[in-house]
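What follows is each chain in one-letter form.
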Amino acid sequence: MPRFADVILPKPLYAAFTYSVPDEMSSTLTTGCRVLVQFGARRFYTAIVVSLHDNQPQGYTVKPIIEQLDDYAIVRPSQLKLWKWISEYYLCSLGDVYKAAVPSGLKVESETFVSANPDFEATSTDQLKERELVVLDYVASRDRVQVTEISKATGLKNVESSIMRLLAIDALFISEKVVENYRPLTVNYVTVCCERTDSEALHSYFDMVHKAKKQEKLLLAYLDMSHFMSRGELIEVEKNTLLARADVSAQILIELVKKGVMKIYKKEVNRFKLSVPGESKLPVLTKAQNEAYFAITDQMKQKPVVLLRGVTSSGKTEIYINLISELLRNRRQVLYLVPEIALTTQLTRRLQAVFGNQLLIYHSRFSDNERVDIWKRLITSSEPCIVIGARSSVFLPFTNLGLVIVDEEHETSFKQQEPAPRYNARDVAIVLATMHGAKTLLGTATPSIETYYKALSGKYGLVELTERYEGIEMPEVELVDIKAARKRKEMVGLFSHRLIAACRQTMENGNQVILFQNRRGYAPITECSECAWIPKCVNCDVSLTYHKHTDTLVCHYCGYTIVNPKLCPSCGQSTLEIVGYGTERIEDDIQQIFGETPILRMDLDTTRNKNSYERIIDDFSSQKAKILVGTQMVTKGLDFGGVKLVGVLNADTMINFPDFRSSERAFNMLEQVSGRAGRKNGQGLVIIQTSNPSNPMLKHLLKHDYVSYYNDEIAEREQLRYPPFSKIINIYLKHRDDSTVTEISVRYSNMLREVFGTRVLGPEATAVPKVQQMYIRQIMLKMENQASMPKVKAILRTIYEKMITVDSRMKSTVIYYDVDPM
């Protein structure tokens, strides 16, 4: 029997920790099980067992595992293998990966509480400061208080020092409480109290109720619903469903329970239910789609990854559905990755209509309990199913994965930014599929430069679908020079006369309009026209964005919020002006230009609730609004048949960005949003407003010519040795003191150059050099593609440890890595 277990904790720790296995767990504990362990003096965490062995650690006392939380593994060996790859490739700890991968509902953790010592007596009120008295009075008025609650309740900031002082003089006691986050859903079911073969008992039940017609009606309803009298499988009957079917009250059931005729029992059920069975037939493919379908299946025989480059509205989803159906018939599982939660809304209905309860949905807008239910369904069953979800769904416990589809594979939303692991779900999905012996299909109208390069070089298979569904023409693209339009006084706010006229004509024809502005809020800047004062965030080096709905100024980096001042705090004049345009202001301007035209807005502010995406998409699909204003959310694969016009209000904000990917991002975003126009019933129109219509990228966009754009871009990338001709690793250093992080970053970059030479660029300040009171510096590593990431990780770790010995300030410096930044 193994005596020790190595476990990983949901903390940024690079090593596994060893605990002893109590005798009562030795026969049931396996790799992948959840266990409760003590880490540190008082804290308790849910750890995952990664190995079992008999090698006793030397030099310290090994703590025992406190509790085994499941009688089966909650994480599969294939998942642990994937976690290890992610931690090595993306230069982070296994604990970071574990924390991101497993739903919070499966992580039992301890919470810190404090209680007042009833025997404490201060010799005088001078012994305690006013802040400490406030904290002590609040805690004493309650039996036990969570530490995080005290600051909110008292209005005091940084109460930790006051609590530590009160603990030191025994005025407070501290305690830990282990909290289970997951709450299983239990439902009441009903059954009769006899076996199916006991006809004598069943007859006696009817004798008992023959004078009570409602009780008899309920009993008959149960026998019918459960198939009790037939030879087939006995069907469990849910209590409320039975009462509704029999049309009787709960009191009638209680009477039957008292008579010993029926009994009620609780059962844990999965929260995830789909209301509509899959009854629709598979979509019939056109000739072009059919050819693409067979080309994909042929290429998958030789290549593990295939790219489907299909123009917008070419019907890629219909091809996906036919491929999924084939996999499910072969009893395999399918993962369907989408970049935005909004996309799951429309896709869910299409997939649900065909596949019914074989469809599962997984994303961050679901509650912890819902995500745990889906996790448990997959861990306990190998039944064929399709999971549609955003990037976190790559961490689910698949057993029989046969196909991974990454829709809109070029999307930057697949890249996790904060916190670690900073992974790209597209690339992780490819590794996941390889580990399962599955195939990967990447689909998009505008492949990322790296993906298309790999397809052309033969590493990936390539299938191209160059015509729209039913032969509809690609939308006409028209550029409006807003610099020239302003000189001619042909602008109303951010709207050119040409765009206004096109919107009017489109709506008069009974069609709809999408207006794209990639900035939320009302306006990015508030400025005093008298003294040029601009309100800035106290925590970050950025201006505050004005939100008219709440009349507040908000930092989009840390959330810092203030009420919009009426007078300039600098000069005292009432000369504050709103500068620039966000989606909220665009919505206001539309109402002024087009009167009572119904408008919808889709951005982060309007989609915070779980069902907000669905409501907006439903309302626009059903023509309840004529105009949809949105940020990049509206560019990603949404399908609205009534949209004939797309207006891009300012393309310059995307093009003029200091990053080697800015041109690629702009082309992809503009081509994708253009693809929302004219998807049905004739050609659409796209109007792009820009102050630089001669930009070479826009010339390719006018012709929807991705290949020509790619050829220009790849030549420039090769010349400058940017991906796909190198691997980029950005190293970020953060510190509360600007001069400290400047000195540290210079010294650290010099140590990097001793090993990596000219591959090191920087350090330099980031575009936003201060976020949440932390000053930031960036160092870029340009590595060869064949570089071993585990070796790079080991070298970086060694340099970091050496740096700590050279400069102790490195201990208070936050450092992290971003591999393949987007």
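Just above sits the structure.
All values derive from a computational prediction rather than experimental measurement. (Residues numbered from 1 in each chain as written. Predicted model: local features only at pLDDT ≥ 70, side-chain atom pairs only at ≥ 80, totals over all residues. Heavy atoms only, no water.)

A. Representation of the overall build of the protein chain within the structure. When you go through the protein chain residue by residue, the secondary structure sums to 25 helices and 35 strands. On C-alpha atoms alone, the protein chain measures out to a radius of gyration of 31 Å, which is about the 28 Å that the 2.2 N^0.38 rule sets for 822 residues. Summarising its shape, the C-alpha atoms of the protein chain cover approximately 95 × 80 × 60 Å along the three principal directions. Taking the contacts inside the protein chain whose residues are at least 6 apart along the sequence as the reference set, 75% of them involve residues at least 24 apart. Summed over all atoms, the accessible surface of the protein chain reaches about 37,500 Å², with 49% contributed by carbon and sulfur. Here the protein chain holds 103 positive side-chain charges and 96 negative ones, and the gap between their average locations is 2 Å. (Helix = DSSP H or I, 4+ residues; strand = E, 2+ residues; numbered from the N terminus. Rg over C-alpha atoms; globule rule 2.2 N^0.38 Å. Contact = heavy atoms within 4.5 Å. Areas by Shrake-Rupley, 256 points an atom, 1.4 Å probe, with all protein chains shown as cover. Lys, Arg positive; Asp, Glu negative; His and termini not counted. Charge placed at Lys NZ, Arg CZ, Asp CG, Glu CD.)

B. Expanded view of the nonpolar core. Trp83, Tyr336, Ile729, Ile731, Tyr748 and Leu796 are the most contacted members of the largest nonpolar core, which has 145 residues in total. Look past the residues within four positions of Leu796 in its chain and what remains in contact with it is Leu91, Ile731, Tyr748, Leu752, Phe756, Leu781 and Tyr817. Val480, Cys503, Val513 and Ile599 belong to the second-largest nonpolar core, a separate cluster that totals 25 residues. (Core = buried A, V, L, I, M, F, W, Y, C linked by side-chain atoms within 4.5 Å. Buried < 20%, exposed > 50% of the residue type's maximum accessible area, 1.4 Å probe, protein only.)

C. Layout of unusual backbone geometry. Residue Pro419 is reached from Glu418 by a cis peptide bond, and omega for that bond is -10°. With respect to the helices, strands and loops of the structure, Pro419 is situated in the loop between strand S16 (401-407) and helix H14 (425-435). Cis peptide bonds are those with omega within 30 degrees of zero, and the linkage from Pro723 to Pro724 qualifies with 15°. Structurally, Pro724 is set in the loop between helix H23 (706-720) and strand S32 (727-735). A positive phi angle is found at His227, which is not glycine, with a value near 60°. By secondary structure assignment, the location of His227 is in the loop between helix H7 (213-226) and strand S10 (237-238). On the basis of relative accessible area, His227 is assigned to the partly exposed category, the value being 39%. One non-glycine residue, Gln623, adopts positive backbone phi at about 65°. Mapped onto the elements of the fold, Gln623 is located in the loop between helix H19 (612-621) and strand S29 (627-630). Of the residues examined, Gln623 reaches a relative accessible area of 35% and is grouped as partly exposed.

D. Region of the structure containing the sheet that holds strand S13 (residues 333-337). On the basis of which strands lie adjacent, the open sheet formed by seven strands has the order S14-S15-S13-S16-S17-S12-S18 and parallel pairing. If you trace the sheet from one side to the other, it starts and ends with strand S14 (359-362) and strand S18 (461-465), each paired once. The sheet shows a mean angle of 20° between the axes of neighbouring strands, direction not considered. (Pairing = 2+ DSSP bridges. Axes fitted to C-alpha atoms, helices over the stretch in contact; angles between N-to-C directions.)

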